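Chain by chain, the residues:
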Amino acid sequence: MLTQKFQEYLSLSAQLRPDYISSLGTSEDSLTKITELLPDAPELIKAIYSTVSGTSSDVEEPSLIEFVPGYRLIHIDEYAQEMKVLSEILKEKGHEVEGVVLPILTNYGSDFICYYRSLDGVERICDLMHDFGDLVVMYDSPEKFLETLCEFYKQEVYFLDEEGFLDCDLIKEGEVGAELNPDAKYWSE
């Protein structure tokens, strides 16, 4: 289910950015690498890295950098380093997280969109701004994460700006995000 939804998201992305999928590379050894790094990798992480390798921090073409506006999909070869950065931010801000927090997307300011699984097994997708260090729930589940991102394309929330960067209609994004993720604080703030 998650792999299909992830592939749907890529397909929708390609309608706006035809070269985006090929820029993410193949998954030839990505799933092996993520499984070695995270033997108990969550299904969302497996769905991503069984399909693509991610976006290197060296990519310069504007339309190929961002998975969602402002964030790139972490390349498998940079995943361990980004896990370390995320962990250091949480520690630096004094936040004891009970559960599992893993990076999915990042930007050049070390902000993250993360997978979070609480001790009771509830999975959420959260925003973590480097300057604050708080995990804020954005998506009610990994399924809602991918479903919502697909809706952002379907409802034309996402578009390319004049310079070729992925951008969004913030008001519409908030409305769609809140509608599909009613329990997520992020959309109501």
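Cut-offs and rules
Sequence order sets the numbering: in each chain, residues are counted from 1 along the sequence as written. In keeping with the predicted nature of the model, local features appear solely for residues at pLDDT of at least 70, side-chain atom pairs appear and are counted solely at 80 or more, and the whole-chain, interface and lining totals rest on all residues. Side-chain figures throughout are based on the complete set of non-hydrogen atoms in the structure, without hydrogens or water. Each Phe, Tyr or Trp ring, with Trp reduced to its six-membered ring, pairs with another whose centre is within 6.5 Å; inter-plane angles below 30 degrees give stacked pairs, above 60 give edge-to-face pairs, and intermediate values give tilted ones. Type-normalised accessible area, obtained with a 1.4 Å probe on protein chains alone, sets the label of each residue: buried when under 20%, exposed when over 50%, and partly exposed for intermediate values. We call a charge positioned over a ring when the NZ of a Lys or the CZ of an Arg lies within 6 Å of the ring centre and within 35 degrees of the ring normal. By definition here, a salt bridge exists when the distance from a side-chain nitrogen of Lys or Arg to a carboxyl oxygen of Asp or Glu is within 4 Å. Each helix is a run of DSSP H or I of at least 4 residues and each strand a run of E of at least 2, with the numbering of both proceeding from the N terminus.

Describe the packing of aromatic side chains, with residues and values.
Tallied over the entire structure, the rule returns 10 aromatic pairs. Ring plane angle 65° and centroid distance 5.1 Å describe the contact between Y139 and F145, whose orientation is recorded as edge-to-face. The pair Y139 / F145 is uniform in exposure class, with both members buried. A centroid spacing of 4.8 Å and a plane angle of 85° characterise the contact between Y186 and W187, whose relative ring orientation is edge-to-face. For Y186, a relative accessible area of 29% corresponds to the partly exposed category. Across the ring face of Y20, the terminal group of R17 is positioned such that the distance to the ring centre comes to 3.9 Å.

Describe the pattern of salt bridges, listing the residues and the values that go with them.
The final tally for this structure, using the stated rule, is 9 salt bridges. The salt bridge involving K154 is made with E8; its shortest N-O contact spans 2.8 Å. One end of the pair, K154, is in helix α7 (residues 142-154); the other, E8, is in helix α1 (residues 2-16), with 146 residues separating them in the sequence. Note that D77 and K33 form a salt bridge whose closest N and O atoms lie 2.6 Å from each other. You can see D77 sitting in the loop between β1 (72-73) and α6 (79-92) and its partner K33 sitting in helix α3 (residues 30-37), a full 44 residues away along the chain. It is possible to trace a salt-bridge network through shared partners that takes in K5, E8, E151 and K154.

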